[in-house]
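The chain contents come next:
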Amino acid sequence: EGGERDRRRMVHATNLRSALTRLGPAFVKVGQQLSIRPDLMPPEVLKELQRLCDGVDPVPDDVAVKVMAEDLGFDDVGQLNRVFDGMELMASASLGQVYKATIRESGEDVAIKVQRPDMVKKVSLDLFLLNKYGEFADAVCGVVTKQVPYHVNFLDCFSRGSYSELDYEQEAANQIRFKNELTKRKCEVLVPHVYEKFTSQRVITTSWVDGVKLADAPKAQIRKLIPIGVELFLTQLLDIGAFHADPHPGNLYVTKEGSLCLLDFGLCAEVDEKSRHAMTKAIVNLLNGDFESLISKDAKNLGFLPEDLDVTELKPILTKILAEGLLESGSNMHARKRKFMEISNELNEIFFRYPFSVPPFFALITRGLGLLEGIALSGDPDFDIFQASYPYARRRAITLFGYGGLARLNRRKSRVE
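The structure contained in this document is the topic of the report that follows. What you see is a predicted model, and the numbers here were worked out from it, not measured in a lab.

## Some thoughts on the pattern of salt bridges
Under the defined criterion, the tally for this structure stands at 13 salt bridges. Salt bridges sharing partners connect three or more residues here, namely E181, K184, R185, D239 and R396.

Dropping the structure here:
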């Protein structure tokens, strides 16, 4: 009986992957998001969905190479082959596929990512359908709840990010910027070099990186590198003001030397200075258990609640959810999942009765943080994203507000207690 159940699961997992692939690039992204959530998906489904990161059926080589030659300004494929040697398909994802080649003149190994044909048209259809869903959700929620309509704005932010992924020149600019910013901050993360000479709107060429996906690394290595990954994410979010919003298993590598490597900078987002400061305070207040400040100040500063809302009635309900769902549930993912199921009614009541809104850029923040947490859980089922975030958030708070400012945050917590 157990064998038959496992077989059925495998069939369902394969069918799910195939359906997401047929539905289009935006739905493949959803599958990628789920592919590293062991707290949400059974192992059979995780393994199958991870093929969406770099195992989507590729377009024929002659089609891809023709796009490459045209976009880089070569007269024909023959001229392209006189520049690059040994071109070999290595991976194929939802928007493009990656070839390994050698620059004949210098002998350098490079990764050449080329976009699939007609991607703008296909992505536009997916995003149009998502926008229609957002309009429907806002209309329904506006009638049956007190929510401030946010679904359209939320999805618009995702759409802008998706369109930016189709511009490989923008991706190259993002990658160069992040490499410079992370180097300045002495982050222990490798970002490959961009060959601007061989980069265009549909082709990007970077230095080749030998390694394995972080999700496929030994569990001990995942546990060692995830704290660096968390600090990397928070450095982008709270300091640089721009962050890589697509750290799925195909984009986080471990090099042969054991370093963490970040790839694919197509989906990035900006966070303004006011929001960076507000998020730093919110993280410190959350981990200090200062729900008074988190609800009455941080939630308003970040745009989750209207500035003029009286939160007196809301505080005890939200405090219970934050305390039981995030802090008191412990680090074990199964315990936290059970806790969230137990408080789901209270959570639904809050969104039904109060004018909550979700800031647009949080669509990408939650995606990026969720992906990172999922990889961490695969190496350590007891991983706690909140506790892992605290050391860097505290240092950042000291940088922004000084030791006195941090002490005031802690004193405010003591007064609440």
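## Structural notes on the sheet that holds strand β6 (residues 211-213)
As summarised here, the arrangement of the four strands in space is β4-β9-β8-β6, forming an open sheet in which the pairing is mixed. Single-partner strands in this sheet number two, and they are β4 (189-190) and β6. Taken together, the two bridges between β4 and strand β9 (residues 260-262) define a ladder with parallel strand orientation. Paired with L190 across the two strands is C261, which belongs to β9. Packing against the sheet, helix α10 (residues 219-240) makes contact with β4, β8 (252-255) and β9, and its axis sits at approximately 40° to β9.

## Some thoughts on the packing of α10 against helix α11 (residues 273-288)
With their axes 8 Å apart at the nearest point, α10 and α11 run at an angle of 125° to one another. When the interaxial angle is binned, α10 and α11 end up oblique. Within the contact between the two elements, α10 uses L234, L237, L238, D239 and I240 and α11 uses R276, M279, T280 and I283. Among the residues forming the contact of α10 with α11, the class breakdown is six nonpolar, one polar and two charged.

## Description of the environment of E135
When you line up the elements, E135 lands in helix α7 (residues 119-144). On the basis of relative accessibility, which here comes to 37%, the residue E135 falls in the partly exposed class. When the C-alpha atoms of E135 and L155 are compared, they prove to be 9.8 Å apart, with 20 residues separating the residues in sequence.

## Some words on the pairing of strand β1 (residues 84-92)
By the bridge criterion, six bridges tie β1 to strand β2 (residues 96-103) in an arrangement that is antiparallel. Within the sheet, the bridge partner assigned to E88 lies in β2 and is K100.

## Concerning the sheet that holds β1
In space, the four strands of this open sheet follow the order β1-β2-β3-β5, with antiparallel pairing throughout. Each having just a single partner strand, β1 and β5 (203-207) make up the two edges of the open sheet. The sheet shows a mean angle of 25° between the axes of neighbouring strands, taken without regard to direction. Inspection of the sheet shows strand β3 (residues 109-115) paired to β5 by five bridges, in the antiparallel sense. Counted as the bridge partner of V110 is S207 from β5. Taken strand by strand, helix α5 (residues 61-71) contacts β1, β2, β3 and β5, and its axis lies near 95° from that of β3.

## Brief notes about unusual backbone geometry
Backbone geometry places K186, a non-glycine residue, at a positive phi of 55°. Relative to the helices and strands, K186 is located in the loop between α9 (168-184) and β4. Even without being a glycine, D264 presents a positive backbone phi close to 60°. Among the structural elements, D264 can be located in the loop between β9 and β10 (268-270).

## Overview of the nonpolar core
Membership of the largest hydrophobic core comes to 67 residues, with the highest contact counts inside it found for L214, I226, L237, F243, M279, L314 and F356. Judged by nonpolar contacts, the second largest core, of 19 residues, contains V59, M68, L72 and I103.

## A closer look at α5
Turn by turn, an α-helix covers 3.6 residues, leaving residues three or four places apart pointing in a common direction. Those residues of α5 that sit buried are A64, V65, V67, M68 and A69. In the core, the buried residues of α5 are packed alongside α6 (77-83), β1, β2, β3 and β5. Just downstream of α5 lies G73, where phi reads positive at about 85°.

Conventions adopted
- Every chain is numbered independently, its residues counted from 1 as its sequence is written.
- Residues qualify for local features only when their pLDDT is at least 70, as the model is predicted, and side-chain atom pairs are given and counted only at 80 or more; totals for whole chains, interfaces and linings, by contrast, use all residues.
- Note that the side-chain values use all heavy atoms of the structure and ignore hydrogens as well as water.
- Each salt bridge in this description consists of a side-chain nitrogen of Lys or Arg and a carboxyl oxygen of Asp or Glu lying within 4 Å of one another.
- Note: two strands are recorded as paired if DSSP finds a minimum of 2 bridges between them.
- Strands here mean DSSP runs of E at least two residues long; helices mean DSSP runs of H or I at least four residues long; both are numbered from the N terminus.
- Contacts are residue-level and defined by heavy atoms, with any inter-residue pair within 4.5 Å sufficient.
- For helices, the fitted line uses only the C-alpha atoms of the stretch in contact; every axis is such a line through C-alpha atoms, and the angle between N-to-C directions lies from 0 to 180 degrees.
- Any angle that falls under 35 degrees is termed roughly parallel, while one over 145 is termed roughly antiparallel, one within 65 to 115 roughly perpendicular, and all others oblique.
- In this classification, the charged set is Asp, Glu, Lys and Arg, the nonpolar set is Ala, Val, Leu, Ile, Met, Phe, Trp, Tyr, Cys and Pro, and all remaining amino acids, among them Gly, are polar.
- Relative accessibility decides the category of a residue: with a 1.4 Å probe and only protein chains considered, values under 20% of the type maximum give buried, values over 50% give exposed, and everything between is partly exposed.
- The definition of a nonpolar core used throughout is a set of buried Ala, Val, Leu, Ile, Met, Phe, Trp, Tyr and Cys residues joined through side-chain atoms within 4.5 Å.

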